[in-house]
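Geometric and topological summary
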Amino acid sequence: MSRYDLTDFEWRVIEPLLPNKPRGVPRVDDRRVLNGIFWVLRSGAPWRDLPERYGPRTTCYNRFSRWRKAGVWARLMDAISRAHHGEIQMIDSTSIRAHQQAATAKRGGADNCLGRSRGGLTTKIHVVVDAQGLPIRLGLTAGQTHDGQIADRLLDHLGPRIIVLADKAYDADRIRELIQQHGATPNIPPKSNRRWKPCFSKRLYRERNLIERFFSKLKHFRRVATRYDKLAANFLAMIQLASMRLWLRAYESTA
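Residues numbered from 1 in each chain as written. Predicted model: local features only at pLDDT ≥ 70, side-chain atom pairs only at ≥ 80, totals over all residues. Heavy atoms only, no water.

By the naming in an unreviewed UniProt entry, the protein chain is IS5 family transposase, taken from Mesorhizobium calcicola.

Right under this line is the structure:
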C-alpha cells in the first residue's frame, strides 16, 4: 500500500458517496482508480508516470475527467464538508504559480483563470474555511484579480450568528453589507483611510491563522502547489480532491 492511498476509514466514508452503475459493464475497481488519482495529486507527477499497480493511466485520467464533468467531485466535497463548524468562518486567497504547460490551452476558449502578477503566470485560489480551518467553499480567479471580486459568490451561504474573519483586502462597504444581509457579522480590520472605523476584535482576528495553516497543508499536494492543468475546471477538481483528503484526515483523527 502506497502512503498516498486511501486508508480503510477514508474508503468507508467515500464508497457510499460514489455514483451507482446498475447496468452495463462493471466499472474498474473504484478504490484502485481513486488511489491512482490521489497518487498523481500528491506526487505532482504527470499522468503518464502513474505506477502500474493503479492500472492503465488512461482509465484513471478518464475517470477523473468524466466525473469532473458530471460534478461528482463537487458533490463529494459538499457531502463531506456538510458537518462543518460554521460559527466562525474565514475567507482568504493564495496565489499559485502556473507551470509553462498550463499556459498551452487554446486562446479564445473558456476562462482558465490564468493571469499575470508579480509571480509571473499565476492562478489565485479563494477559500472559505470553518472554525477548524477546514474548507467549505472554493473558487478560482486569475492571479491579478482582487480578492473582493469573488467574495459575493463564496459568501452567499452565510446565516445568522456567524462571524466572518477576513483581512483588509475585504474591507469594502459592499462586502460588509453582503455579510450583514445574511445576518452574519464581519470582523475585518479597517483600512487606514476609512473615516468611520467599524467594530473590530483583535482577539477573534487571531483565529485567522487557521486559514493560513490550511493553505500550508493544501500545498503539500504538489499538483496543487504548482498548477500543471491547462483547464481551470481540472485544477479546481484537484483542489476539491485535496480538500476532501484533509477533511477525511480530520474525521479519522476524531473517530
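Now that the structure has been shown, the text picks up again.
When its secondary structure is counted, the protein chain shows 10 helices and seven strands. At 19 Å, the protein chain has a C-alpha radius of gyration in line with the 18 Å of a compact globule built from 255 residues. Its C-alpha atoms give the protein chain principal-axis dimensions of about 65 × 45 × 30 Å. Contacts in the protein chain between residues at least 24 apart in sequence constitute 62% of all its contacts with a sequence separation of at least 6. In the structure as shown, the protein chain presents an accessible area of about 13500 Å², 48% of it carried by carbon and sulfur atoms. In the protein chain, which carries 46 positive and 24 negative side-chain charges, the distance between the mean positions of the two groups comes to 5 Å. (Helix = DSSP H or I, 4+ residues; strand = E, 2+ residues; numbered from the N terminus. Rg over C-alpha atoms; globule rule 2.2 N^0.38 Å. Contact = heavy atoms within 4.5 Å. Areas by Shrake-Rupley, 256 points an atom, 1.4 Å probe, with all protein chains shown as cover. Lys, Arg positive; Asp, Glu negative; His and termini not counted. Charge placed at Lys NZ, Arg CZ, Asp CG, Glu CD.)

A positive phi angle, close to 55 degrees, is found at Cys113, a residue other than glycine. Relative to the assigned elements, Cys113 resides in the loop between strand E1 (88-98) and strand E2 (115-117). The buried category is assigned to Cys113, whose relative accessible area is 9%. Phi angles above zero are rare outside glycine, and Arg161 is one such case at about 65 degrees. One can find Arg161 in the loop between helix H5 (151-154) and strand E5 (163-165). (Buried < 20%, exposed > 50% of the residue type's maximum accessible area, 1.4 Å probe, protein only.)

This paragraph deals with the pairing of strand E3 (residues 120-129). Across the 10 residues of E3, 10 count as buried, placing the element largely inside the fold. Of the pairings in the sheet, the one linking E1 to E3 comprises eight bridges and is antiparallel in character. Following the sheet pairing, Met90 is matched in E3 by Val129. Taken together, the three bridges between E2 and E3 define a ladder with antiparallel strand orientation. When the bridges of E3 are listed, Arg116 appears paired with Leu121. Here seven bridges tie E3 to strand E4 (residues 135-142), and the two strands are oriented antiparallel to one another. Its bridge partner lying in E4, Thr123 is registered against Ala142. Where E3 hands over to E4, the hairpin turn is made up of five residues, of which Gly133 adopts a positive phi near 75 degrees. (Pairing = 2+ DSSP bridges.)

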